[in-house]
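Commentary on secondary and tertiary structure
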Amino acid sequence: MGIKEITLEALDTEKFIADQVAKIKAEVGDAVAINALSGGVDSAVVTMLAHQALGDQLKTYFVENGLMRQGEPEYVVGVFADLGVPVEIIDAQDKFFAALKGVTDPEEKREQGITQVFYKDVFAQLVKETGATVLFQGTNYTDVEETAAGVKRQHNVFEQIGIDPEAAFGYKVLEPIVELRKPAVRAVARAVGLPPEISERPPFPGPALCARVIGEVTRERIATVREATVIVEEELQDTGAFQYLAVLHDDRVTGLRGTKRDFGSQIEVRCWESTDAVAAEPSELPFATLRKLADRITTEVPGVVSVTYSVTSKPPSCIEAV
Ligand code: XMP
């Protein structure tokens, strides 16, 4: 697929950082560049590399798409302010929910609801406003590999599937960590000075909570999965698992509240053991933990009457539901 992986064993973090900073300087020159920071370790590393290379020539944005976890925009801006990197929040919630309206097909959600809005609308407008010619993003080796293999359309992969971003969107896309898988990205994150809360952060998908809502994505349904996510993250953060998440199902089931029938929503909890997300096993969580999750989600999240736990491996399951 044209890109060669740098494995964790082969990675010399200091050399990688110096090489990438030099490469970014050479490729951007005197131009303005914009940078999409999501708060995940991948885009955080890219932010640090590009900031180191470009200083004020780099404009970093956090796109509030309405699909992120609770308190995420403020949290990310705060972490990077402490690192001396200014981040501006762009409120694009209405655009994303408008594009997602009525869409239920997973690939269509990713393509029409996420990719097109990010790249054709939000970033294209930022490029126009700032006069930038380059967009930085944190595509990694696994994103490219899975997209090229046809497993799933990662929202940020273009050239490897024959799309030229310059022709399609009007700006160049630079991907400084595209040769690295997650463990190598984390090693660079530590070396580049990111705090452990970011360098060790569990992965979170680019399409955000949209990847965890089966069926139509609405503000209300995102609110449901967001509240369940808070509980899942609180209860499972000390497990050491690779990733843990809540999925909102499309089907509803009959439940009981007091003496009344309640036709409500179902949340599925997933908790994964993995090193690189290519293959994964469900964590063997204690039954008491599962019970606590079910009790909290059904009492604290309005409308949820059923909680299940996935015991499937990847493959054939995927880590995310959409
Ligand atoms: P799947 O669901 O494909 O997930 O087993 C593998 C890993 O990738 C994350 N993921 C994504 N990351 N854009 C991303 O940046 C995406 O479209 C995307 N989909 C899944 C997922 O959270 C897991 O860590």
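Presented here is an overview of the structure given in this document. (Residues numbered from 1 in each chain as written. Predicted model: local features only at pLDDT ≥ 70, side-chain atom pairs only at ≥ 80, totals over all residues. Heavy atoms only, no water.)

**A closer look at the pairing of strand β2 (residues 58-64)**
Rule in force here: Only protein chains enter the accessibility calculation, which uses a 1.4 Å probe; a residue whose area is less than 20% of its type maximum is buried, one above 50% is exposed, and one in between is partly exposed. Going along the chain from the N terminus, every DSSP run of H or I of four or more residues is numbered as a helix, and every run of E of two or more is numbered as a strand. In this scheme, strands are said to pair when DSSP sees at least two bridges between them. A clockwise course of the path from the first strand over the helix to the second, judged with the strands pointing away from the viewer, identifies a crossover as right-handed.
The buried fraction of β2 is high, at six of seven residues. Pairing geometry for strand β1 (residues 33-36) and β2, over four bridges, is parallel. Among the inter-strand pairings, N35 is bridged to a residue of β2, identified as T60. Each parallel crossover has a hand, and the one from β1 via helix α2 (residues 41-54) to β2 is right-handed. Of the strand pairs in this sheet, β2 and strand β3 (residues 87-91) are connected by five bridges, and their pairing is parallel. Residue pairing for β3: E64 is matched across the bridge by D91. Where the polypeptide runs from β2 across helix α3 (residues 72-82) and back to β3, its parallel neighbour, the crossover connection is right-handed.

**Some thoughts on the packing of α2 against helix α8 (residues 182-191)**
Applicable threshold: For helices, the axis comes from a line fit to the C-alpha atoms of the stretch in contact; other axes are also lines fit to C-alpha atoms, and the angle between any two N-to-C directions lies between 0 and 180 degrees. In what follows, roughly perpendicular refers to angles from 65 to 115 degrees, roughly parallel to angles under 35, roughly antiparallel to angles over 145, and oblique to any angle outside these ranges. Working rule for handedness: look at the near helix, and if it is turned counterclockwise from the far one by less than a right angle, call the crossing left-handed; if clockwise, right-handed. The contact criterion used throughout is that any non-hydrogen atoms of two residues lie within 4.5 Å. Here the term charged refers only to Asp, Glu, Lys and Arg, the term nonpolar to Ala, Val, Leu, Ile, Met, Phe, Trp, Tyr, Cys and Pro, and the term polar to all other amino acids, Gly among them.
Orientation of α2 relative to α8, taken along the N-to-C sense of each, is 40°, at an axis distance of 10 Å. Regarding the angle of α2 to α8, the classification is oblique. Between α2 and α8 the crossing geometry is left-handed. Contact with α2, carried on its side by V41, D42 and V45, involves K182, V185, R186, V188 and A189 of α8 and no other residues of that element. Its residues assigned to classes, the contact of α2 with α8 shows five nonpolar, no polar and three charged.

**Description of the packing of helix α1 (residues 13-28) against α8**
Packing of α1 against α8 leaves a shortest axis separation of 9 Å and a crossing angle of 80°. As judged from the angle between their axes, α1 and α8 are roughly perpendicular. Taking contact as the criterion, the partners of T13, E14, F16 and I17 in α1 are, on α8, A187, V188 and A191. Here the residues of the contact of α1 with α8 sort into five nonpolar, one polar and one charged.

**Some thoughts on the pattern of salt bridges**
So the rule is basically this: Basic side-chain nitrogens of Lys or Arg form a salt bridge, by our definition, when they fall within 4 Å of a carboxyl oxygen of Asp or Glu.
In the structure shown here, the tally under the stated rule is 17 salt bridges. The residue D94 makes a salt bridge to R219 at a minimum N-O spacing of 2.6 Å. A residue pair is termed long-range when its members are at least 10 positions apart, and D94 in helix α4 (residues 93-100) and R219 in helix α10 (residues 219-236) qualify at 125 residues. Taking relative accessible area as the criterion, D94 reaches 56% and is therefore assigned exposed. Measuring nitrogen to oxygen at the nearest pair gives 2.7 Å for the salt bridge that ties R212 to E320.

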